[in-house]
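# Chain and residue survey
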Amino acid sequence: MPNKKAVRNAYYFFVLEKVPELQAKGFNVKNIKDAIPLCSGDWATLKSTMPVVKNVPDAVEPQVTAMPWPNNQAVLGNIVYIIEVFSLGEMPPACGQRFLPCEIACVKYCLQDGILGEFHCFPDPGEIPCGFRYHCQAGSEASHKIPVSGFELADDNYHKIFKNLCEFVGISSGSFVPVYCKKEDWYRVNWCLNWLARKAGRICRLLVCELEDLVVKVYKYRLKEEPSVTLVRSMLEVFQWDYTRNTRCKWHEENDIVDCALAVCKKYTYCVSEALAPIYGFPLTPAHIPEWGEKCGTIINPKVVVMDAGRFMKSKSLNTVEDKGFSSAGLNAEASAAGGEQSLFPSGVIPGVLSAVRGRGITRRIPF
């Protein structure tokens, strides 16, 4: 029998996305069929402003290694925008609103000059769907800690927010500008940007792309070899700048909260700068990576912090370990006099000042 299933083209998905918006405006729209007459005008406007893709010459098209930069200097001067959007929580697919955007950050960056500018705001996420307040509260407390209601910095002027964001990334009439985020955040960022555009009554011309793909291309252009995406992803997942000054937004900095959308964007640029500087030979400045003196908080040394330290415990007296740099001799003597307890320190770790906070299987030394 012939396949009678209707073909779902781009117009179908365009109308499908418009249905909740039309219902919110008061139109009697129950399904896609009812929405088609109301969306034809917007679809015609959208098609007239879509970018035209020109044919690539036959001599260039087969070249898989062809890159969009003519030389290394063009790579160094290429400006990219790295974006992150936080939400109070992720709603199930049955809900019309999948996310509740509560923080948006974007950083203007290039390899040659580092961070050139930043955009940050707290959009009002709107009303929480019925029955999901605890879900959003728990998600917020476990991450960015932005209040689910009564937040004094929340801004409900969506037109102003979207206009300022478009001006920051340099969107001109009819143009699309790529913005980059991690692959695992792509769906959330893309959904939230389109949500903001609808709230502002505008068409979203921000083309969300994967940051890992961009880094792979930059690596490949110089080294003629393509690194694995897993390697690039692990390069971006670091914690050494979590408490660096001038990395988080003012509110997260004042409240000593690590999870901040602006900090996420900046830390990505720090990682990229540190990884690509030796390859492209550009100098690292404070605009690329914060100076060492700007770091604050506890600097974690992987040689000192050992997880599951019990596996490394040795049955030897504390008196066998001496360290002139720390005043631990008294502690060693007391431990030996108490009945020869096992060493509190993992093998290969010099004893120092122990933290008052000790977790199961964890030994930590707080550096001075």
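Conventions we followed
Residues numbered from 1 in each chain as written. Predicted model: local features only at pLDDT ≥ 70, side-chain atom pairs only at ≥ 80, totals over all residues. Heavy atoms only, no water. Helix = DSSP H or I, 4+ residues; strand = E, 2+ residues; numbered from the N terminus. Buried < 20%, exposed > 50% of the residue type's maximum accessible area, 1.4 Å probe, protein only. Contact = heavy atoms within 4.5 Å. Areas by Shrake-Rupley, 256 points an atom, 1.4 Å probe, with all protein chains shown as cover. Polar contact = N/O pair within 3.5 Å; in protein donor to acceptor, adjacent residues only side chain to side chain. Expected span 1.5 Å × (residues − 1). Bend = angle between axes of the 7 residues up to and from the residue. Pairing = 2+ DSSP bridges. 1 Å grid on protein atoms, 1.4 Å probe; cavity = no way out; pocket = protein on both sides within 12 Å on 5 of 7 lines; lining within 4 Å. Points joined across faces, edges and corners; volume = space filled by probe spheres on them. Nonpolar A, V, L, I, M, F, W, Y, C, P; charged D, E, K, R; others polar. Salt bridge = Lys/Arg side-chain N within 4 Å of Asp/Glu carboxyl O. Phe/Tyr/Trp six-rings, centres within 6.5 Å; stacked < 30°, edge-to-face > 60°. Lys NZ or Arg CZ within 6 Å of the ring centre and 35° of its normal.

The next subject is the overall build of the chain. Scanning the chain from terminus to terminus reveals eleven helices and seven strands. The 368 residues of the chain split such that 40% are buried. When contacts within the chain are restricted to residue pairs at least 6 apart in sequence, long-range pairs at least 24 apart make up 66% of them. When the accessible surface of the chain is summed, it comes to about 21500 Å², and 54% of that surface belongs to carbon and sulfur atoms.

Here the focus is the environment of N255. Tracing the sequence through the fold places N255 in the loop between α9 (250-254) and α10 (261-280). Judged by relative accessible area, N255 falls into the partly exposed class, the value being 41%. In this structure, the C-alpha to C-alpha distance between N255 and K145, residues 110 residues apart in sequence, is 9.5 Å. For N255, the side chain forms a polar contact with the main-chain oxygen of W251, separated by 2.7 Å.

Turning our attention to the environment of V208. Tracing the backbone shows V208 in strand β5 (residues 206-210). On the accessibility criterion, V208 (8% relative accessible area) is buried. Counting along the chain gives 21 residues from V208 to Y187, while the straight-line C-alpha distance between them is 9.1 Å. Once residues lying within four places of it in the same chain are set aside, the contact partners of V208 are V179, C181, W186, V189, N190 and L193.

Moving on, we get to α10. Look at α10: 28 Å from first C-alpha to last across 20 residues, which is about the 28 Å you get at 1.5 Å a residue. At E274, α10 shows its maximal kink, close to 25 degrees; a proline, P278, follows between one and four residues later. Within α10, 17 of the 20 residues are buried, which leaves the element mostly enclosed by the surrounding structure. G281 sits one or two positions beyond α10 and adopts a positive phi of about 70 degrees.

Among the twelve residues that make up strand β2 (residues 99-110), eleven are buried, leaving the element largely enclosed by the rest of the structure. Bridge count for β2 against strand β3 (residues 114-121) is seven bridges, and the pairing is antiparallel. By the bridge assignment for β3, Y109 is matched with I115. Here β2 folds back onto β3, and the loop between the two strands holds three residues.

So, on to empty space enclosed by the protein. For the coordinates displayed, the defined rule picks out two cavities of 30 Å³ or more. Its boundaries defined by the atoms lining it, the largest cavity holds a volume of some 150 Å³. If you trace the largest cavity, you find 14 residues lining it, with V80, Y109, L111, L214 and V218 closest to the centre. Secondary structure elements with two or more residues in the lining of the largest cavity: β1 (80-90), β2, α7 (211-223) and α10. Residue classes in the lining of the largest cavity are distributed as 13 nonpolar, one polar and no charged.

Note on pairing: side chains with opposite charge can pair once their charged atoms come close. Counted under the stated rule, the structure contains 13 salt bridges. Residue K220 is joined to E226 by a salt bridge in which the shortest nitrogen-to-oxygen separation is 3.4 Å. Exposure remark for K220: the relative accessible area of 18% places this residue in the buried category. By relative accessible area, E226 is classed as exposed at 53%.

Bringing the packing of aromatic side chains into the picture now. A full pass over the atoms with the stated rule returns nine aromatic pairs. Aromatic side chains F122 and W251 sit 6.2 Å apart centroid to centroid with 75 degrees between the ring planes, which places their arrangement in the edge-to-face category. On the criterion of sequence distance, the pair formed by F122 in the loop between β3 and α4 (133-141) and W251 in helix α9 is long-range, its members being 129 residues apart. Through a chain of ring-to-ring contacts, the aromatic side chains of Y81, F119 and F168 assemble into a single cluster. When the ring centre of W191 is taken as reference, the NZ or CZ atom of R198 above it lies at 5.8 Å. If you follow R222 out to its NZ or CZ, it ends over the ring of Y280, 5.7 Å from the centre.

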